[in-house]
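Results of the structural survey
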Amino acid sequence: MNHENYDPDDRIAALATPWAESAIAVIRTSGQGSIEVLSPLIKADLVNQESRKMLYTTLKDPQSGESLDEIMIVPFRAPGSYTGQESVELYCHGSLPGVQKILNLLFRSGFRQASPGEFTFRAFIHGKMDLTRAEAVQEIISSKTGKAQSLALNRLSGVLEKRINHFKDSATGMAALFAIQLDYPDDEVESPPLPLKEIEEIKNGLKELIDSYRVGKIYQEGVVIVLAGRTNVGKSSLFNLFLKEDRSIVSDVHGTTRDYLESWISLGGIPVRLYDTAGLRKFEDSVEEEGIRRTREVMENAHILIYVLDGSIDLSEEEEEMLAQSHPEGKGKRVVVWNKADLSQNRAPAGAIPVSAVTGQGFTELEDALRLQIFADTSQIGAEAVVDSLRQKELLERAFAGVVKVEEAIHNGLPVDVLAMDLHDVLQALGEITGEVSSSDILERMFSNFCVGK
Ligand code: GDP
């Protein structure tokens, strides 16, 4: 999308449902005159149809007279639509050639293909939602678990926007205070007390939101967990147990490469990409370098390595060494599992969780240990407003740095105009989060991540 010479009123259309055979396909249109342009294409009277009321009718090509489909159609008059402008939605049969014909007709009739995220972009420019809500729309669509979806839904309902606006109000109040002091130097009016308490409050609030980014990222992007260990210790059995226990599996198991198996699972709402590194096992002897390289890469990128030991036999030297290391190699964390606990009378070595992939014993403890590791460096898991966009987090950090500068300037007794300038930075950053001040490249980057039709 080119935001420089953007015409927010021209007519756009796109398929809002996936490009695949389905029972029903939804085609969305928006732009001035959409209703009038679509009206001659159907047999019913769209122009006089009440806004947001559905019509059942036949869609026809006015040139050839060919009936294209039996459809349901809804007109939305401005501002009562998703985009805030005149829109029409069409519900047709989900046959791909059928949908293509209808889209072609629309493109011939005065609509152009919408860019990814363009409907939401229009909602934003027509004041239907601020940027935090617009971003939430895409996050809802791409949520992998119910918990991730409900966090994004919170943002859509404006939880984050409200908090940011609260900071903004507070900072604007301070800016007004500084402005008075600039306009009337101290000898004319008595200086008001410095807003140290308010500054502390904004600082704490911003910090809380910045910290929530880690939690948000976990729920939105998920974490990578890799099962590692010697051959035959039970990695594949554990992999299957995870898949069986976590019923809300998001995708099928992929044997995409010969090196490892991978699957999305939900660990109590946390999306987890789980890998079984069959690769090392397979390639240990055959020196298939590529296989080993790829497996190592997966292990290095893991957030958590589940190192599996076989509880029914003695530990190898390498395993003893691994247990002795308090910190695992690489950037990830480590959870040690003492598998086949059902076959052993011995106690698990210190730091290892006794589990049986066959009986399921110890599995809950393993899940708890993983959750603990995932959230190890995070606080406020239960927080309502959680930030999961890097853009928002970086702007919050900018605002935070600005507030710290204001605070320091006050402590150092710097003149009011310096304070006012730092505060201006804070307001600028907060404004960019909600989109009041937004440079066009941010918009470009943000909305291009959207799907077409949203
Ligand atoms: P991998 O090579 O590490 O993937 O190990 P597998 O999952 O293929 O398991 C090797 C063998 O150990 C298989 O025969 C499994 O049935 C068995 N096994 C795995 N986990 C357990 C367990 O917890 N208890 C028992 N009794 N057998 C297990």
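Worth saying up front: this structure is predicted, and the values here are computed from it rather than measured.

The share of residues in the protein chain with pLDDT of 70 or more is 85%, and the mean pLDDT across the chain is 85. In this model, residues 247–252 is a region of pLDDT below 50 whose contacts with residues beyond four sequence positions or in other chains number eleven contacts.

Here we come to the pattern of salt bridges. Following the criterion strictly, the structure yields 25 salt bridges and no others. Glu200 is the salt-bridge partner of Lys203, the closest N and O atoms lying 3.9 Å from each other. You can see Lys203 and its partner Glu200 sitting in helix α7 (residues 196–221), three residues apart, about one turn around the helix. Under the relative-accessibility criterion, Lys203 is labelled buried at 16%. Of the charged contacts in the structure, one is a salt bridge between Glu319 and Arg230, with a shortest N-O distance of 3.1 Å. Of this pair, Glu319 sits in helix α11 (residues 317–324) while Arg230 is found in the loop between β7 (223–229) and α8 (235–245), placing the two residues 89 residues apart along the sequence. A residue is classified by how much of its surface remains accessible, and Arg230, at 30% relative accessible area, is partly exposed. Here the salt bridges do not stand alone but share partners, grouping Asp10, Arg112, Glu118 and Arg122 into one network.

Between its first and last C-alpha, helix α13 (residues 390–411) extends 31 Å over 22 residues, near the 32 Å set by a 1.5 Å rise per residue. Of the positions making up α13, those classed as buried are Arg391, Gln392, Lys393, Leu395, Leu396, Ala399, Gly402, Val403, Val406, Glu407, Ala409 and Ile410. Where α13 ends, the next residue or the one after it, Gly413, has phi of about 65 degrees, a positive value.

The next subject is the sheet that holds strand β12 (residues 352–354). In space, the six strands of this open sheet follow the order β8-β9-β7-β10-β11-β12, with mixed pairing throughout. Here the strands that pair on one side only, and so sit at the sheet edges, are β8 (261–267) and β12. With strand direction ignored, the average angle separating the axes of adjacent strands in the sheet is 30 degrees. The pairing of β7 with strand β9 (residues 270–276) spans five bridges and is parallel. Bridging across to β9, Val223 finds its partner in Val272. Of the strands in this sheet, β7, β8 and β9 touch α7, which is tilted by about 60 degrees from β9. Contacts from helix α12 (residues 363–374) reach β7, β8, β9, β10 (304–310), β11 (333–339) and β12, with the element oriented near 170 degrees to β11.

Because each turn of an α-helix spans 3.6 residues, side chains separated by three or four positions in sequence point in the same direction. Burial of helix α3 (residues 118–125) is extensive: seven of the eight residues sit out of reach of the surface. Within the span of α3, buried status applies to Glu118, Phe119, Thr120, Phe121, Arg122, Ala123 and Phe124.

Turning to the sheet that holds strand β4 (residues 67–76), a few remarks are in order. The strand order β3-β4-β5-β2-β1-β6 describes an open sheet built from six strands, whose pairing is mixed. The open sheet has two edge strands with one neighbour each: β3 (55–60) and β6 (112–113). Where β4 meets strand β5 (residues 87–94), five bridges bridge the pair, whose relative direction is antiparallel. Residue pairing for β5: Met72 is matched across the bridge by Tyr91. Relative to the sheet, α3 contacts β1 (12–15), β2 (22–30) and β6, its axis offset from that of β1 by approximately 135 degrees.

Thresholds, definitions, all that
- Residues numbered from 1 in each chain as written.
- Predicted model: local features only at pLDDT ≥ 70, side-chain atom pairs only at ≥ 80, totals over all residues.
- Heavy atoms only, no water.
- pLDDT = per-residue confidence, 0-100.
- Contact = heavy atoms within 4.5 Å.
- Salt bridge = Lys/Arg side-chain N within 4 Å of Asp/Glu carboxyl O.
- Helix = DSSP H or I, 4+ residues; strand = E, 2+ residues; numbered from the N terminus.
- Buried < 20%, exposed > 50% of the residue type's maximum accessible area, 1.4 Å probe, protein only.
- Expected span 1.5 Å × (residues − 1).
- Pairing = 2+ DSSP bridges.
- Axes fitted to C-alpha atoms, helices over the stretch in contact; angles between N-to-C directions.

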